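# Residue-level structural notes
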Amino acid sequence: MYVAEWVVVLLPILGALLSFVAETSRRAAQVCMAGVAGSLLVALMVLGYRFAHLTTSATPDVSAVSFFTLLPNSTETTIYSSTFSTDTGVWVDNLSTAFTALVTFLLLLVQGLATAMLRGDPGYRRFFWVSSVLAGAVLGMIAAPSLFQVWMALGLVTGGLLALALHRWHRDETGPAAWRAFMVLFGADLVLLLGLVVTVYKLGATMGLENAPAGFTSAPDYDFRMLATAWRDAASPGTVAGTGYRTLVILCLLLAVPALVRAAQAPVTAWLSGLSEAPLPVLGAACVSLLTGVVLLARIYGLLLVTRHALSALALAGAVGAVGLAALCLASRDIYRIALLSAAGQLALAVTALGAGGYSPGLLIAFVSAPVSLLLLVAAGSVARAYRTRDIRLMGGAWSKMRRTSVAIGLWAALAAGLDLVGYDALSAILLNRFPGGGHMAAGVQAAVAVLTVAALVLIPLYAARLVLSVCAGAPAPRRGGVVERIAEAEPRLRLVQAATGAAAVVAVLIGLPGISAAGRLGRGQVRIPGLTFSHWVFFGAHRQDLPVQPWAFLIAAVALAAGVAGAWALARVPWDDLRRRLPVPTLSTRPAIALVGTWTARLAGTLPAEVFAADQTLIAPLFDAPGEGLEVTAWSLGRWRGRRLRLSLAAVLAVVLLLTGFSVLAGGGRLPVHTT
Amino acid sequence: VNLLAQTSPGTATATVNFPTVVFTLMVWSALFFALVVLAMPDRTAEHRARIKALGASGTGAALFFALWALQTQAANASAQLGGGTPGGELVEDHGWLTSFPFSVSYHLDADGLGLALALLGGVVFFCAALAAWRNDRRVKLLTVCLLVLETAYMGVICSYDWLLFLLFWTLPVAPVYLMVRAFGHGHAARAAGRYAAGTLISGAIVTMAATLIDVQGGGRSFGTGTPPITLPGADNAVAFWLLVGAFLLAMAVVPLHAALLDLEEDSTGSLAAVFGALLPSLGAYGLLHMALGLFPAEASRFTLLFAALAVVTVLWSGIAALRADDLRRMVGHAGTALMGLVLLAVAGNTTVALAGAMYVLIARGLAVAVLMLLTSGIQERTRRVRVSQLGGLAWQAPHLAAFWGLGVLTAVGAPLLAGFFGLFSLFSGAFPTHRWATVVVLFGVLLVAGVLMRAAMRIFMGGERESFSRVRDLGPLELTYLAILGAVSLFVGIDPDHLAALFMNGAGYLLFQGSYTQ
């Protein structure tokens, strides 16, 4: 049954390929959507099968084939394993089955959104096949059995996102944004490649000594099973030669930083927010792809666990990012930008929870926040279309004009503000402060992370409620060119997508409710459901974490929600333009220094290439001038006597003969070390 | 052949051993077609069409035998029958000059590195011959020169005798010089002169090294197939550095890259593709096969120098490419930067790094060929070659834009394209020896990616321009040869394991001759 996971990964790509033979763009879109829908169906079947067989997270089913095998020389096996190889295939565990089902569903919704929003667009067909390839790449990453496949799949995701970001390539603003996104993501891929390189350098020989998994003649490098053992060994002093705490820290940085970049965490969120000029379905696909960052963090969790302070640093980074991104959402007026930053901000809470030792809560937050974030994007698209603007200051009165879309926005706001229990999950992990393999954050770090998280939990309902009030309450803001009477509810197809996304968000929240462990029975009593709670299903290691309901976390989250909503209510009475004056915007004393550094960096970046290019022209090019011109002069002299073609040939031949003769003379004169007999 | 040797069952059979001639055919088939072309008239369009067809057939024949050799050796390598190391079932070794104090043999063979370059060369020459189809000026000269150049290229990578090697090494001077002078533009004369001078100097240095090796080695054999070599006293180092100098000159790494850049800038598209993709690869072959292969001990002593050179080449060329406005020059700088990766592999001095270098050489060659051919297409259509003068071309030429993207992604090692496994393997192999250099070079790749991608944005993206409204997209012929290059890139990227054993054997042979065991 688990071999069917191959179908999940490959079906969208097959759909993309088949779409090229479709006669019309519409048919091509249908073929692509059929591929993703088929993938969703099979993903649900695999999920159901696994769900029914009481399999723990620690016992994955792997179907893989060898991707490459290099046999280094026997003298090099101190660096590499005797068989330097890796596998590619599908890794079926509870995490991958849950997330493949989610991703296929969300990408199907994105494609559904595109059928409405890109109708008549010249890049209609292109969007569908690229998004299908992107779906295959994201699924291939989630179901990757090895770190090597993760790197490979993320590279494909980068390519797919670049192609999607260039959807409106004819606009001047598209190119630079897409280029920046590509450079950031490609840079992250290169960092990950460096992580792979360091992994095999430090742990390759160790992995080679491990027992090969079933179906393999030798232990494949980068296989997560091999890596888990190798990371543990590396953390035990004296077990692996040449490794220590420094190695583990470097590995953590090289593997976690690309994950955080993929998840668009602060301070590298700009690659995502910079894409806000792209069509909405492109933004939807980009948002779904953010999940790859969190899944990568989950896959390297074993390494983070055995590296002292790594998880604490991750928790701090996530908490700081959560506050920063929430503040950016509050300061933004572009509804698309808010939606993108909000998606990244929700994942920041996931990162925080993962760092605090909450493996299941962290993944649950990612699982829940993906449909919730997509819900805002879908609703934002409808609103922006109707109001012909993306500036929330110019909106208002959507409740009377677009009731269903307003409900969708309200649902998003309610969920994002705290009802999706994302805040509770993050806080409970922080307060519990217990890593799966033992250990915990230092008290000071815990306090700092908790304070930052609470701050983020106040800011999130603040901007969510402000957005709802700005868009839905009151009356449309009068502006030139805007005709209030034309504002109408979104078309049925968009409403359908909104409803499906909202339903998915609600289901995801229900799955995450803590404390539900209803062991029921299906069919004729032969199939058991182990539990509805996400943390009972996806957990680290062989035994699930004991995650008791934490009233304090619940209380703090509720208070933060109330404070945020109250703040939004208060701010809603202040006109937009006055808000900036009233808010205490701190003036950084370091601003001049930052500006100076920025100026000098820009100046250096501008002048260095010019200087190098000039040096290339003036210093290096003349190296060849003297001999080259000598040949030219010879050819020109000969040309006075003969035809042009012969002249060129003779010049070349003569030069060869002269050189060889010169060396012969040198050799004959004993100036070259030639022996004679 | 075997069917011909069989007799009817029941009768006594005499074993008939036919000589293996795959390498001979790979090397000389192009020259045979060149000779035929020389004898043909080229007065009418029909005559010229026949000549072009013969040119394509000649390059196609060489490609066919290159693929034959590659597949045979790859299968042997996978079955652990020694494919990828010299001396396999396809070796050709016959006495040639034996009446002198030294002996010279007609010794053709190829290791993994040679076969990788044979694949690259066969494909690029074939595509260049197709790309030259639309040329109607001096067709015979172009075709003959191209075929002679292919013979020289294949000869260099199959020669296992110094005299044979020197013959083929200096042979490209004439055809390249003639082609650049006859079909070049701008400062074609200067470019041709610079290249010829560089190659002749390189040839002279290799001659000196070969003489030194032969005389001081005491073997009295000009064969190159008995490495590693140990010469008395300082001769070892002298011979090694002579070879390194000669081949670095041919590789066109910084600061020796000016001649190649001129050649690429002032040639027509198909020729620039051949020059940019293949001529530096010959230098890389020489460096790996001769300098590193014959003197592994010397090479391992100076890895730091190669690492430094790799860093300088990648960064210098990458930064210079940032500023280059001329499209050909920009692609040329990017190609030079990628050649720095091969230097890093030499510095890495491991089989994994060298195997990676072979993949990288293929990817670099394919990428440069694609980008040079497209540059020519852009220049032909817009009469412009400066990036700052271009923009919005994807409106009229979407396929051209797509293939440019493919070329860029191949160059920077995007997944499932030729470069991706090469980069992985090369960096994995080089990191244990030179960590910081590997890190810097790795981010040099990011620089190259940024340059090429930014150029793509500026050339193809943006609003439609009136001046380019009559630009046409790629035609069927252009799509054909670009698709061939793209298909090879895809094949190598999707199934790198097909060539892995072959390349690893080749790399093992270079570093551990004699003691190499799988």
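Quantities reported herein were computed from a predicted structural model and do not represent experimental measurements.

In terms of helices and strands, chain B carries 20 helices and 2 strands. Compactness check: chain B gives a C-alpha radius of gyration of 22 Å against a globular reference of 24 Å for 518 residues, within 12% of the reference. The principal-axis extent of the C-alpha atoms belonging to chain B is close to 75 × 60 × 45 Å. Buried residues in chain B amount to 67% of all 518 residues. Across chain B, every contact between residues at least 6 apart in sequence was considered, and the portion connecting residues at least 24 apart equals 82%. A total accessible area of about 16200 Å² is found for chain B, and carbon and sulfur atoms account for 63% of it. Distance between charge centres in chain B, computed from 27 positive and 26 negative side chains, equals 12 Å.

Right, let's talk about the overall build of chain A for a bit. Looking only at helices and strands, chain A has 26 helices and 4 strands in total. Out of the 677 residues in chain A, the part that is buried amounts to 56%. Across chain A, every contact between residues at least 6 apart in sequence was considered, and the portion connecting residues at least 24 apart equals 78%. Accessible surface computed for chain A: about 27500 Å², of which carbon and sulfur atoms make up 65%.

Quick look at the packing of aromatic side chains now. Going through the model one piece at a time under the given rule, you end up with 46 aromatic pairs over all chains. Between Phe67 of chain A and Phe420 of chain B, the aromatic rings sit 6.1 Å apart at their centres with planes inclined by 55°, giving tilted as the arrangement. Of the two residues, Phe67 of chain A sits in strand β1 (residues 61-70) while Phe420 of chain B sits in helix α17 (residues 418-430), which places them in two different chains. For the pair shown, Phe67 of chain A and Phe420 of chain B are each scored as buried. Here the aromatic rings of Phe148 of chain A and Trp151 of chain A are separated by 5.7 Å at their centres, their planes lie at 65°, and the arrangement is edge-to-face. Here Phe148 of chain A pairs with Trp151 of chain A, and both are found in helix α5 (residues 147-165), just 3 residues apart, close to one helical turn. Like Trp151 of chain A, Phe148 of chain A is buried. Connected via pairs of aromatic rings, a cluster forms that spans Phe67, Phe68, Phe84, Phe148, Trp151 and Tyr222 of chain A together with Tyr359, Phe420, Phe421, Phe424 and Phe503 of chain B. Above the plane of the ring of Phe224 of chain A lies Arg299 of chain A, whose end atom (NZ or CZ) is 5.9 Å from the centre. One cation-aromatic arrangement involves Arg308 of chain A over Tyr245 of chain A; the distance from NZ or CZ to the ring centre is 4.4 Å.

Take the interface of chain A and chain B next. At the junction of the two partners, chain A supplies 75 residues and chain B supplies 86 residues. For the pair chain A and chain B, the two sides together bury roughly 6900 Å², of which 76% comes from carbon and sulfur. At the junction of chain A and chain B, the tally comes to 0 salt bridges. Inspection of the chain A/chain B interface yields 5 residue pairs in polar contact (both at pLDDT 80 or more).

A few words on the confidence of the model for chain A. All names here are of chain A. Here chain A shows a mean pLDDT of 84. Residues at 70 or above account for 86%. Note on residues 517-531: pLDDT under 50 across the span, and 23 contacts to partners over four residues away in sequence or across chains. Counting contacts from residues 584-588, a segment whose pLDDT is below 50, to residues more than four positions away or on other chains yields 2 contacts.

Moving on: helix α10 (residues 280-289) of chain A. Working note: α-helix, 3.6 residues per turn, so residues spaced by three or four point in the same direction. Judged by how many residues are buried, α10 of chain A sits mostly within the fold: 10 of 10 residues are covered. Those residues of α10 of chain A not exposed but buried are Leu280, Pro281, Val282, Leu283, Gly284, Ala285, Ala286, Cys287, Val288 and Ser289 of chain A.

On to unusual backbone geometry, then. Only a minority of non-glycine residues have a phi that is not negative, and only a minority of peptide bonds are not trans. With an omega of 10°, the peptide bond between Ala266 of chain A and Pro267 of chain A qualifies as cis. Relative to the elements of secondary structure, Pro267 of chain A occurs in the loop between α8 (245-262) and α9 (270-273). Note the cis peptide between Val254 of chain B and Pro255 of chain B, where omega equals 10°. Tracing the backbone shows Pro255 of chain B in the loop between α9 (235-251) and α10 (258-265). Of note in the backbone geometry, Leu421 of chain A takes a positive phi value of approximately 65° without being a glycine. Along the chain, Leu421 of chain A turns up in the loop between α17 (403-419) and α18 (422-432). With relative accessibility at 14%, the residue Leu421 of chain A sits in the buried group. We note that Asn433 of chain A has phi near 50°; this positive angle belongs to a residue other than glycine.

Let us now look at the nonpolar core. Of all hydrophobic cores here, the largest spans 424 residues; its most connected members are Phe99 and Phe148 of chain A together with Leu243, Trp404, Phe427 and Phe460 of chain B. In terms of residue count, helix α15 (residues 351-382) of chain B provides more of this core than any other element does, 21 residues in total. When residues no more than four places from it in sequence are discounted, the contact partners of Phe99 of chain A are Ile142, Leu291, Val295, Leu363, Ala366, Phe367 and Phe534 of chain A. Membership of the second largest hydrophobic core comes to 12 residues, among which are Ala30, Val37, Val144 and Val148 of chain B.

The rules behind each value
- Residues numbered from 1 in each chain as written.
- Chains lettered and ligands numbered in written order.
- Predicted model: local features only at pLDDT ≥ 70, side-chain atom pairs only at ≥ 80, totals over all residues.
- Heavy atoms only, no water.
- Helix = DSSP H or I, 4+ residues; strand = E, 2+ residues; numbered from the N terminus.
- Rg over C-alpha atoms; globule rule 2.2 N^0.38 Å.
- Buried < 20%, exposed > 50% of the residue type's maximum accessible area, 1.4 Å probe, protein only.
- Contact = heavy atoms within 4.5 Å.
- Areas by Shrake-Rupley, 256 points an atom, 1.4 Å probe, with all protein chains shown as cover.
- Lys, Arg positive; Asp, Glu negative; His and termini not counted.
- Charge placed at Lys NZ, Arg CZ, Asp CG, Glu CD.
- Phe/Tyr/Trp six-rings, centres within 6.5 Å; stacked < 30°, edge-to-face > 60°.
- Lys NZ or Arg CZ within 6 Å of the ring centre and 35° of its normal.
- Buried area = accessible area lost by both parts, 1.4 Å probe.
- Salt bridge = Lys/Arg side-chain N within 4 Å of Asp/Glu carboxyl O.
- Polar contact = N/O pair within 3.5 Å; in protein donor to acceptor, adjacent residues only side chain to side chain.
- pLDDT = per-residue confidence, 0-100.
- Core = buried A, V, L, I, M, F, W, Y, C linked by side-chain atoms within 4.5 Å.

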